Amino acid sequence: MPELPEVETTRQSLAPRIAGARVTGVRLGKPLRWPLGCDPADLVDRTVGDATRRGKYLWLPLTGGGLLMHLGMSGSLAFREGVPVEPSAHDHFDLHTTQGTLRLTDPRRFGAVVWSAALDQDPALKLLSGLGVEPFDPAFTGAYLHAATARPT
């Protein structure tokens, strides 16, 4: 399963390259773990903001909401500038933009791309609400870790 450092590295590699782009099209392949949650055409002409990470999820803000992405057990995200390469059997989501194409490739299809109006609204809220404190959050202290891992008495 892609671990948090891999997800953060993915975010760092694509965030500056896609920020500010305008969505020009969306291609869906075989269904992933959850449905997109909107008509793909509704994403066209939205502007991409600064990608962030929460746990193993990536949040790609778009005008008026955003896409919450999870790589599942075997997925990967890649951003390619220029003309997109024809999708293969394991390429399940393409976000075409004025700056290039963001593609989710997932041989096992446990990954997900879900539209949410905001991080504090469902479905993002439901998916993220059970996550603990981020490792570099100031709230992640020795006392927090001890309490979180202590056996109930």
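Everything quoted here is computed from the prediction, not taken from an experiment.

### Digging into unusual backbone geometry
Residue Pro 123 follows Asp 122 across a cis peptide bond; omega there is 10 degrees. With respect to the element layout, Pro 123 can be found in the loop between β8 (112–116) and α2 (124–128). The phi dihedral of Asp 45 is positive, around 75 degrees, even though this residue is not glycine. Topologically, Asp 45 is positioned in the loop between β1 (23–28) and β2 (52–54). Under the relative-accessibility criterion, Asp 45 is labelled exposed at 52%. One non-glycine residue, Arg 109, adopts positive backbone phi at about 60 degrees. By the element assignment, Arg 109 lies in the loop between β7 (100–105) and β8.

### Quick notes on a nonpolar patch on the surface
A contiguous nonpolar patch, built from Phe 140, Tyr 144 and Leu 145 and spanning about 240 Å² of accessible area, is present on the exposed surface. Take Phe 140: it is sitting in the loop between α2 and α3 (142–149). In this structure Phe 140 comes out as partly exposed when scored by relative accessible area, which is 33%.

### Considerations on the confidence of the model for the protein chain
Counting all residues, the mean pLDDT for the protein chain is 93, and 98% of those residues have values of 70 or more. For the protein chain, per-element mean pLDDT is lowest for α3, which scores 87, and highest for β8, which scores 98.

### So, the pattern of salt bridges
Under the definition given, this model contains 10 salt bridges. Residues Glu 3 and Lys 56 are paired through a salt bridge, measuring 3.1 Å at the closest nitrogen-oxygen approach. Here Glu 3 is found in the segment before α1 (4–18), whereas its partner Lys 56 is found in the loop between β2 and β3 (57–62), with 53 residues between them in sequence. On the basis of relative accessibility, which here comes to 44%, the residue Glu 3 falls in the partly exposed class. For Lys 56, a relative accessible area of 24% translates into the label partly exposed. Members of the salt-bridge network, linked through shared partners, are Glu 8, Arg 11, Arg 53, Arg 54 and Glu 134.

### Focus on the nonpolar core
In this structure, Ile 18, Leu 60, Leu 67, Met 69 and Leu 102 are the most contacted members of the largest nonpolar core, which totals 25 residues. It is α1 that contributes the most residues to this core, four residues altogether. Apart from residues lying up to four places away in sequence, Leu 67 is in contact with Leu 36, Leu 43, Leu 58, Trp 59, Leu 60, Leu 62, Phe 93, Leu 95, Val 113, Val 114 and Trp 115.

### A short note on the pairing of strand β5 (residues 76–80)
On β5, burial follows the alternation: Leu 77 and Phe 79 on one face are buried, whereas Ser 76, Ala 78 and Arg 80 on the facing-out side are not. Note: β5 against β7, five bridges, orientation antiparallel. Looking at the pairing, Ala 78 lines up with Arg 103 of β7.

Rules and cut-offs
Each chain has its residues counted from 1, following the order in which its sequence is written. The predicted origin of the model limits local features to residues at a pLDDT of at least 70 and limits the giving and counting of side-chain atom pairs to 80 or more, whereas totals for whole chains, interfaces and linings rest on all residues. Values reported for side chains reflect all heavy atoms of the structure, with hydrogen atoms and water molecules removed beforehand. Each helix corresponds to a stretch of at least 4 residues labelled H or I by DSSP, and each strand to a stretch of at least 2 residues labelled E; elements are numbered beginning at the N terminus. For each residue, the accessible area found with a 1.4 Å probe, counting protein chains only, is set against the maximum for its type, and the residue is called buried under 20%, exposed over 50%, and partly exposed in between. Like-charged residues within 9 Å of one another, or nonpolar side chains (Val, Leu, Ile, Met, Phe, Trp, Tyr) within 5 Å, are grouped into patches, provided each residue has over 30% relative accessible area and no salt bridge. All accessible-area figures derive from a Shrake-Rupley calculation using a 1.4 Å probe, and residue coverage is judged against the displayed protein chains alone. When a carboxyl oxygen of Asp or Glu is within 4 Å of a side-chain nitrogen of Lys or Arg, the pair counts as a salt bridge. Per-residue confidence from the predictor is given as pLDDT, running between 0 and 100. Side-chain atoms within 4.5 Å are what join buried Ala, Val, Leu, Ile, Met, Phe, Trp, Tyr and Cys residues into a set we call a nonpolar core. Here, two residues are considered to be in contact whenever any of their heavy atoms come within 4.5 Å of each other. If DSSP finds at least two bridges between two strands, the strands pair.

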